[in-house]
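Each chain is listed here by its residues.
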Amino acid sequence: MSFVALIPARLASTRLPDKPLADIGGRPMVVRTIEQALKSGASAAHVATDDARIYDVVRAHGHSALMTRVDHASGTERLAEAADLLGLPDDAVVVNVQGDEPLIDPALIDAVALMLQRDNSLPMTTACHVIAGPDEMFNPNVVKVVLDHAGRALYFSRAPIPYARDAFAATREALPQDLPVYRHIGIYGYRAGFLRRYRTLAPCALEQFEALEQLRVLWHGHAIGVAVMDHAPAAGVDTAADLERVRQHWARMQG
């Protein structure tokens, strides 16, 4: 298996300033993340950033960093520039690992890459896991995905989909047995050529109303393969409380 892990990282976080540089067990978060990525089957891992401080700290720890433009509208666009800087051929497989996931499971990274390598018709992949209870099902902050027979995404939504009409009319205290409900995991694999094409895709109303960028891909008629994982991933770091939880995890590991 041969693929490249790319980690977009910026300092502009409203909830947790300078988040990628936050210390976790003696190393910056972005360094912990690239180290996790390198435990996967990736042939290489690179941090793509627009900030010299992130660039310098990644390289100071012996890892690869790329300086990208400051005007990208999304992390996906930043990855496309990184693929250009690396001179990746269009058929190269790239996995987008978020820079605020220092506990990411290397097996999750491998899973989305493997789908692309097994199915040449897929331009993009992501992942999900089974939703176990109604609290997640009816939570708009939990993104749901519905799959077709081949494991490709039919739709992503913050709404409870698929909606069990009769069962939910009776009760919302439990999910019907065998209802195929999946929570989307925010990791993506791409072919480098599709990353470049993505820059030309116009935004659509669906992604803007749902606030889900991946709907742009479906709206323009491109397939997204979805790897079904056995369990939920470790949560990323969005808040100070998240950061403290991750720090405690590392302390336990070292102890």
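Note that the structure is predicted; figures quoted are calculated from it, not measured.

What counts as what
Residues numbered from 1 in each chain as written. Predicted model: local features only at pLDDT ≥ 70, side-chain atom pairs only at ≥ 80, totals over all residues. Heavy atoms only, no water. Helix = DSSP H or I, 4+ residues; strand = E, 2+ residues; numbered from the N terminus. Rg over C-alpha atoms; globule rule 2.2 N^0.38 Å. Buried < 20%, exposed > 50% of the residue type's maximum accessible area, 1.4 Å probe, protein only. Contact = heavy atoms within 4.5 Å. Phe/Tyr/Trp six-rings, centres within 6.5 Å; stacked < 30°, edge-to-face > 60°. Lys NZ or Arg CZ within 6 Å of the ring centre and 35° of its normal. Expected span 1.5 Å × (residues − 1). Salt bridge = Lys/Arg side-chain N within 4 Å of Asp/Glu carboxyl O.

Novice: If you had to explain the overall build of the protein chain to someone new, which residues and values would you point to?
Specialist: The secondary structure content of the protein chain amounts to ten helices and eleven strands. A globule of 255 residues ought to have a C-alpha radius of gyration of about 18 Å, and the protein chain, at 18 Å, matches this closely. Taken over the C-alpha atoms alone, the protein chain extends approximately 60 × 45 × 35 Å along its principal axes. Expressed as a percentage of the 255 residues in the protein chain, the buried residues total 52%. Sequence-distant contacts, at least 24 apart, represent 68% of the contacts inside the protein chain between residues at least 6 apart.

Novice: Tell me what's going on with the packing of aromatic side chains, and back it up with residues and numbers.
Specialist: For the structure shown, the criterion picks out three aromatic pairs. Here Y188 and Y190 contribute two aromatic rings whose centre-to-centre distance is 6.2 Å and whose plane-to-plane angle is 35°, an arrangement assigned as tilted. With a relative accessible area of 13%, Y188 lands in the buried category. Among the aromatic side chains, those forming a connected cluster through ring pairs are F138, Y163 and F168. Directly above the aromatic system of W250 lies the positively charged group of R32, at a separation of 4.2 Å from the ring centroid.

Novice: Which residues make up the side chain of H63, and what are the values?
Specialist: In this fold, H63 is placed in the loop between α2 (52-60) and β5 (64-67). Look past the residues within four positions of H63 in its chain and what remains in contact with it is V31, I34, E35, L38 and V58.

Novice: Could you give an account of unusual backbone geometry, naming the residues involved and the relevant values?
Specialist: A cis amide bond links I161 with the next residue in sequence, P162, at an omega value of -10°. Looking at the element boundaries, P162 is found in the loop between β9 (153-157) and α6 (165-170). The phi torsion at D18 lies on the positive side, around 55°, for a residue other than glycine. Within the secondary structure, D18 sits in the loop between β1 (4-9) and β2 (23-24). Despite not being glycine, D178 shows a phi value in the positive range, around 75°. Structurally, the position occupied by D178 is in the loop between α6 and β10 (182-191).

Novice: Got a sec to walk through helix α3 (residues 75-86)? Specific residues and values, please.
Specialist: Taking 1.5 Å per residue, twelve residues should reach 16 Å; α3 reaches 16 Å between its end C-alpha atoms and fits that length. If you check which residues of α3 are buried, you get T76, R78, L79, A80, E81, A82 and A83. Along its buried surface, α3 packs onto β1, β4 (44-49), β5, β6 (93-96), β10 and α7 (192-198). Taken from the residues just after α3, G87 is the one with a positive phi, measuring 65°.

Novice: Residue-level account of the pattern of salt bridges, with values.
Specialist: Once the charged atoms of two side chains with opposite charge are near each other, the side chains can pair. Per the counting criterion, the structure on display carries 17 salt bridges. Between R10 and D50 there is a salt bridge, with the nearest N and O atoms lying 3.3 Å from each other. Placement of the pair is R10 in the loop between β1 and β2 and D50 in the loop between β4 and α2, with a sequence separation of 40 residues. D238 is the salt-bridge partner of K19, the closest N and O atoms lying 3.8 Å from each other. One end of the pair, K19, is in the loop between β1 and β2; the other, D238, is in the loop between β11 (224-229) and α10 (240-254), with 219 residues separating them in the sequence. Judged by relative accessible area, which is 11%, K19 ranks as buried. Overlapping salt bridges, with partners in common, bring together D84, D90, R196 and R199 in one network.

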